[in-house]
Structures are given as structure tokens and as C-alpha cells.
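Residue-level structure breakdown
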Amino acid sequence: MTEDNRGGEPGRREVGRRRLLGYLVAAPTLAVAVRLGVDMTAPSEAQAAGTPVPTPPLPADLFDLEDTQNYAAKPTAHLITLELREDGSVHFELPRMEVGQGIMTSTAMIIADELDVPLDQVVVTLAKARPELQMNQLTGGSNTTMSTYYPIRTAAALARGALLEAAALMLGGLKPNSLKTENGAVIAPDGTRVSYGELAGKAAVSQTTAKEAELKSAAERKVVGTPVGRTDARDAVTGAKQFAMDLDIPGALPTMVCKPPTINGTVRSVRNAAAVRAMPGVAHVAVIATGVAVRARTFGQCIDAVRALDVDWAPGLVGHDSDDDVLAELKDAELPLAVPEIPALATTVDTSFTFMFSSNAALETGCTVADVTADSAEVWGGFKAPIVAKQEIASTLGLPADAVTVNVVQGGGSFGRKLFQDGGLDAALASQAFGAPVRLMWHRADDCRQGRVHPMSTSRVRATVLGDQVLSYEQRHTSARTDFGHGYGEMISAAASQLPVGDYSISQWVYTLTQAAHYNFGPTTSLLNELTDRRFNTGAMRNIYSPNTAVARELTVDKIAATMGKDPYEFRRTFVREERSRAVLDKVAEVGRWGRDMPPHHAQGIGIHNEYHAYTACLMEIDTSPATVNRKVRQAVTGPRVTKVVFAVDIGLAVNPKGLEAQMMGGIMDALAIVLTSSVHLKDGNFLEASWDNYAYTRQWNVPFDVEVIVMPSTSEDPGGAGELGVAAAASAAANAYARATGTTPTVFPINHNSGLHFEPYPYSPPIPQSPTNGLDYVR
Amino acid sequence: MGKHTFKVNGESVTVEVEDDVRLLWALRDILGVRGPKYGCGINVCKACTSHINGKAFNPCAVPVGEVGEADEVTTIEGLADTADGDLHPMQQAWIDYDVAQCGYCQPGQIMAAVDLVRRVRAEDRAITEDDLDTLRNICRCGTYPRIREAIKSASSKM
Ligand code: FES
Ligand code: FES
């Protein structure tokens, strides 16, 4: 897999060297800067159609969410800076958030490659909130590498050029182009080495000047395209990696919020604040907008205090609704399917699916350290939209925005959750109320019940089939409201004038820009209708609408194939719109031995998905035999088990194939959860799930024994997006495998949602469970 | 408030706190040992997994009063010192297989993995898929397949 992913292999078109503009910045040692968002890739061309009835491109095929984000970056972008120090280390503050997706590693690789410096001399940190970057500091839409690849390379190339010039002078007036760079040093024709560190001061300029940089050609790449392990791997395995709650901020004591027993309920009064304040270890108790905050010496004592609080609560807005009430609202809101006139002999394939509420909670709960004084505030947390966080925290506290410093700390996962700053607002409010620094952490139960959910949705599809042709394909997706309040709004309005479609809401923009036409099915439409009420706390979960829309689409494709009496793989091969889709499809069919004999209750399933300028296909094998389905694991969901996964990904240029594989693997695990095991249940106004023994995210006993991710050879000079890319194709393969193994196409996901709870819900009052005391009984 | 003396990563420590405060908080909030992570507080996510006298346990579910002077607590920070070499073979396998993504669950995963291999060893047999299925640690980033590979590889080196 190594050589394959490097550009410049024989036979491919060599792209000429790109020349891009940057700045040499006045500083004591060499510093270079570029604008974010320059010279992004052009929107992809619509593909010529094959024999099947061609499908004109949907908006997402021409100009997708990535282009929108890239475009939005252009007019507003400000400078990002690369700095060389005298010890030879190169420093770069990435205006993005690392939550496990590996962007700090890939960014270091890009710099190391363009600058010819060893990877371990590149120090990538996360930038604080920088409002001047405007929408260019949002980590979402799997956009980081696409939007930063050329700007970062330009900065590194500029630095390399400046070092060559400084060395040429230092070596007595040699020509810069007679020198070369290698491994953190400039090498003269006679072999003399001058290290970058020695040149750091000499290459510095006293006046900021614009300068053109020449980027390396694909053939010169040594690091980008090779598999590299995470740069923080050692810290992660030794306990040295720090998350927000591991930081030592002086005086910041553990703090928790007693949350309401109903979704978004509010405090009327606290009956026993003085008694709780007198409990061991407790320092402060105060009512804040979202509940009652307590500050104590340890989190254990916070838990005790939260449980002891006697609060008179006002209810939230959800009332006594349950899943069925929301489903009924969705059914009412479903847009009609309107098929164009079709010949009399055509048959119609109609499908309808429901996707239940699910949780985007990460393993790290809502966590923020905050230090708020009368006229300033500083917070430390995992913010994927730090500029929005800064604005929201400032306005909540009644401070000017420039009095608020937002430090971005690596997060323990995100999956959409960290696009919002719910924990950050709690921390700021609590610190303000107490007049003291806080280390605020949400309890897991609150993270489940008061945290954000991926909204319930339905997807209906109608296709018309005549002989060997699909004449039309319509998809209507209907969803409870998705909160996009983290800034896609501004970004999209910034780009709206460039878009080829009408006047949409933010949700509709996001939907329209992420749903490509995958097949030549004649006239194709895919539309969203989203409810508008705000009674639930929602947000997108990894890959937003696509895991749901793809499951609906790919299950329907299997049905269409069956109507024609065609094999699901052969059918897809014939009808996919794009060559790159066909290539990944062929790859999984070949490696996964599509069509091989399977024992009873076992089956293969296949699915594809294109998004983020990338193409994916997945083949899964599932075991639905009674012996497997009925396995018993305490406090857990077992059920059918996917035993084998083959996943192929063409992401254009894979900057770090190893990191890419990890992202696909994570997406596959999410897909298994969405299809087979995990959802939240709304009952009588509350979500029942309160912890990981309730919310059945994929666990080891659900994990396939064999997972193979194939990174396709580089098909482009430009990287696509990886963070969310793996989920949709994998979810559709799992759903199709299940349908083929059981002979029944499921209509509700996850398939176990309506088959009874595997747990007894924890009480709502007190709102969080007490920690057990019998831990030593389990020692074996 | 009582005084509680026990060993953490080879050193004797004393914390003065109420007996019922769970050991996880004595470690993290009082002693500043922050490798063990919080993920649930009710002994289900296993993010806090550490060792007591060489065996896996979950300090979120153990009152500090139950730990005595003879007890040796090992957290992820002290694991490397329990084996020869710079890192414990399990930690090295984690690096070799590039297991971690966000890394939040990984201290607990590694401590649980070391314990699983120890127990399988005690039964004098090779580790099986069924053994790996018994690991209860959540990884919300979905690193499970690499965890399985890393454990299989490390089990031969421990
Ligand atoms: S925090 Fe101890 S098991 Fe979850
Ligand atoms: S690596 Fe993120 S939770 Fe496991």
C-alpha cells in the first residue's frame, strides 16, 4: 500500500509545479505565512453516462459541502503562520481541532514533506479561537485536509525557499538553486551541511514581504502518501496525553451541574443549598441557567452533592412525548413522491425506512476548565467551533468577545458533539457564579439524557423500473430538526450565491450539498423536509444525513436489482455513475469474494457511497444464526454479528493511508451500531439511556473478526475528506447483508429498537446514579 | 475524614479524604494521577481500568477506605515499570498497530488487555476470539479491530 499512494507513479499525468503566494513575516527567526483557503480544487466534473438512463448530476455532484466550505474560506481567510526556531524545530498552530481523526499527524507530515525536515521536528499545536479567521476555524464536514493542504504546503515551501537563500549567502554567495535540502539541513554541492536551526535567525526578515512559493511536484513527495503512525501514539499509551480534565489550572476545582429530570427543564428554587454546601468537600453551590452547579474538592463529592440537592424544577418543552409521537409528526411532514409520467408496463419499487434517535456522545463527556473574573474569561476545552464558542461564552457572560480567551484542547472523540459548547457554557457560567476557577465535567447520565441526539428521521424511496432500465429515482428524507447552530450557517450563506439551487434553509443546504446521485437511474431527486421545533437538543452525528439516506438508497438498490433478477453487485456495476465508484466496488467484490457460498443464516451484503470528494464501497458478511443471535452477554446487546468486512476507499490523494484506514475502521464500527444495536428511546418525555450499559454502541462482542480496509492507489493530486467517510457505505452493506441473511428487509433502524430494552432505566431523580462500592468484588 | 495510605506506581502515598470517596477521584483530583479516565463512574465503560496488586479493577467503584497500606495500585503511568524495557509489551504493541485514535479510552484498554493476557496465561493456553469478546471497555472511536490485533501480538511477547 505504500508506493501506490504516492503521486507521480509511472503512467499518470504529472501535474506541473504549482506556484502560490505567501509572506515572509518580520520576526526574530524565520516565519512564513499564507492565507487559508487559497487555490482549492475545482468542483468535480459531471461524469459521462454509460448505457443506463443517465442521471443528471444533483447539486452535490457539482458543488458539494466541501466546495462550499472551501469557497467560504476564500474571502474571509486570514494568515496562518509557520515558524522555525533556532533548535531546528518547526512550529505550526493548526486552526482546527483534533478529536482523534489524526489531523495533527497528517499536518506534520505535509510540513515535513514540503520542508524536508524530519517528522519529529515538526510541532503541531491547536490554535486558540481566532475570530479573524471567521468561518475558517470550524472542524467539521471532514474538511480539514482539503481546506488546509495547499495553504500549509505553501507556507512550508516558502520557508524552504528562504532557507536556501540564507544558506547560499552564508556559504559565500552560492546560487540557491545549486543547493538542496534534506532532513532538516541545506546541503551544498561540496557536501557542506547547514542545519535549519543555524539558519533560523539568518533567514528571518525585518519587514513582512509577499513572496511566491514553488511547491514540490508529486514525484518529490517522500512522506505524504506513506503510512505513518500517530505522532501522539506514545503519549496516548503512557497516560501522558492530556484532555481538558487532565490540565492543571491553578484553583480549578471539580465542578458538576445538577441537571433537570426532564429535557431542558429549569430551576425554580433549591430547597437545601445551605445543607449541600456543608457537605464534605463541597465549596460552592449556585443556580445557573442550566441547573445547579456544585464545586468540590473531588468529583466524587460533586456527585454526592448533585444527588443530595433538593430542587423544584420547571419542566422543559418535550412534555410526555415518546418515539411514536415524533414518528407521527415525521409522517405528517413527509413530502409527496411525484414520479414523472411512466410507461404502462413499468413497475414501481417503493420503500420506506425509519431511523431512530441516536446519540453522538463521545467517551469524554462535556468537559471544560473555566476561569472567569469580573472583566475577563479564559476557557480550556475541546471546541470544534472555537470562534462560535468565544462569541457565545462572551454574550452569555455579558463580556466583550475580546475579553474571552478560548484555548482548544484535544478532545476525547467528537462525532458531532464538540461542534457545540454546552459544557463550555456551563463551565463559564459556574465560574462566574462562584467567582472561582472550575474544572467542569458532565456526568455520563447527563451526557446521554441532556446531551445532543442525532434526530429521528424517515427516508422513502420510489424507483420505476422498465425492463433493464431504471427510469426514475426519488428519495424523500424527513427529519426532526438538526441543530446547525455552530456556524455552518454563516459559512453557507457566504457561499450561497455560488450555488446552483434555490432558497433553502441551512439544513436543506447541508442535505443538498452532501447527497450526490450515485447511479444512472434517469431523473433523480433527493429532497429533505425537516421539522422546525426546538424541543430536543440535537446535532449532526458523524456523516450527518448520509448513513441514513445511504441505507435507504442501497437497500432499495438491492430491491431494484431483485426486481430485474440481477445480482446486487453486477447490477451496481452496470448502473454506477462514476468510474471511481465502479473501481472501489470491483475491489471489494474481488477481495471479499462476492458470491461465495455462505452457510444458512449467513450472507454477504454490499453498498457504496460517494462524498467528501471520495468514493467508498463495502462488503460485509453477517451471521444471523440463532446460536449467534442469542448469545448472552450481561448488560449488553448481542444479536447478529458481522464477521467480515472488506472496505475500499478512493480518497484522491491519501495523505496518511494508515490514518485513513483507522478512520474507515471507526466509521465501520459506527455503522454496525447504527444498523444493528444502538439508539436512544424517547419515552414519556425523556430519553431512557443513561450510560454505556444502556446505549449499545459497538462492543468487542459485536466486532467483526476480520476487517480489511483497502486504500486505492492515488487518483488525484488532491486529498478528499476522511473523518466521516466510512460510515455510509458500511451501514448500507450491513443492512443489505442482514436483509439477505434473513430474507426480510428491515424498515426500522437499528433493527433491535423495538424488540424490548436490555436494561432497567436509571432513575431521573436524583439525575445521576451513585458510583458503586463493590469494585473489588470483580477482581479476578 | 480519614488518612489513607497505599502504594501508587511503586510509591507510598497518603491521602486525607472521606472514606467513601472513590479511589478514581483520590487518584485524579487529590494525587494528580490522571492517566485513568472517567467515562461513566458506574463501572461500565472501563475507561478508568487500573491494577490493584497486579489485577485489573475499576477505581470508580472502589471507596478509598477499602484500599490499605499493603495494596499496590498501578495506573497506566506505572505500567511500563512493571516490565523490562522502555515500555510494557502491550504499550509497544499499541504503538506498532497504531491503535489509538482520540486515545481517551486507551489507558483503560491497555490495562484491561494486560490483565486478560495474564488470566489466559494462568490457564496455560493461547488467547482466543472468545477471550477478546469478554473485554468490556468502550471505544467510541471504534478502534476495536486494532485492539484485538495488538493484544494477540503482545500476548506472545509478555
Ligand atoms: S469510569 Fe470507571 S468504569 Fe467507567
Ligand atoms: S480511542 Fe477514542 S474512545 Fe477509544
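Residues numbered from 1 in each chain as written. Chains lettered and ligands numbered in written order. Predicted model: local features only at pLDDT ≥ 70, side-chain atom pairs only at ≥ 80, totals over all residues. Heavy atoms only, no water.

Things to note about the interface of chain A and chain B
- In this complex, chain A contributes 78 residues to the contact, which on the side of chain B involves 67 residues.
- Contact between chain A and chain B buries roughly 6000 Å² in total, counting both sides, with carbon and sulfur atoms accounting for 57%.
- Where chain A packs against chain B, one counts seven salt bridges.
- For the salt bridge of R234(A) with D86(B), the shortest nitrogen-to-oxygen distance reads 3.0 Å.
- The interface formed by chain A and chain B includes 33 residue pairs in polar contact (both at pLDDT 80 or more).
- Elements with a minimum of two residues in the side of chain A that touches chain B: α6 (233-238), α8 (299-308), β20 (438-441) and α19 (657-677) of chain A. (Contact = heavy atoms within 4.5 Å. Buried area = accessible area lost by both parts, 1.4 Å probe. Salt bridge = Lys/Arg side-chain N within 4 Å of Asp/Glu carboxyl O. Polar contact = N/O pair within 3.5 Å; in protein donor to acceptor, adjacent residues only side chain to side chain. Helix = DSSP H or I, 4+ residues; strand = E, 2+ residues; numbered from the N terminus.)

Some points on the sheet that holds strand β7 (residues 185-187) of chain A
Residue and element names in this part refer to chain A.
- Reading across from one edge, β6-β7-β8 is the order of the three strands in this open sheet, with antiparallel pairing throughout. The open sheet has two edge strands, β6 (180-182) and β8 (193-195), and neither has a second partner. Strand-to-strand twist in this sheet, taken as the mean axis angle between neighbours without regard to direction, amounts to 30°.
- Where β6 lies against β7, three bridges are found, and the strand directions are antiparallel. Bridging across to β7, K180 finds its partner in I187. (Pairing = 2+ DSSP bridges. Axes fitted to C-alpha atoms, helices over the stretch in contact; angles between N-to-C directions.)

A word on the domain arrangement of chain A
All names here are of chain A.
- For chain A, the assigned domains are domain 1 (75-215), domain 2 (251-318 + 366-441) and domain 3 (334-341 + 453-749).
- A C-alpha centroid distance of 36 Å is found between domain 2 and domain 3.
- Facing 12 residues of domain 2, the contacting portion of domain 3 comprises 17 residues.
- Between domain 2 and domain 3, the buried area comes to about 1200 Å², and carbon and sulfur atoms account for 58% of it.
- Where domain 2 meets domain 3, there are zero salt bridges.
- Connecting domain 2 to domain 3 are three residue pairs in polar contact (both at pLDDT 80 or more). (Domains from an automatic or database assignment.)

Notes on the packing of aromatic side chains
Residues and elements named next belong to chain A.
- Inspection of the entire model under this criterion finds 16 aromatic pairs over all chains.
- Relative to F749, the ring of F355 lies with its centre 5.5 Å away and its plane at 15°, an arrangement referred to as stacked. In this pair, F355 is assigned in strand β15 (residues 347-355) and F749 in strand β31 (residues 748-749), connecting sequence segments 394 residues apart. Per residue, the accessibility class of F355 equals that of F749, and both read buried.
- Taking 6.1 Å as the distance between ring centres and 45° as the angle between the ring planes, the aromatic pair formed by F536 and F687 counts as tilted. Highlighted residues: F536 in the loop between β24 (524-530) and α15 (546-563) and F687 in strand β29 (residues 686-687), separated in sequence by 151 residues.
- Using a relative accessible area of 7% as the deciding quantity, one classes F536 as buried.
- Taking the relative accessible area as the measure of exposure, F687 reaches 2% and is therefore buried. (Phe/Tyr/Trp six-rings, centres within 6.5 Å; stacked < 30°, edge-to-face > 60°. Buried < 20%, exposed > 50% of the residue type's maximum accessible area, 1.4 Å probe, protein only.)

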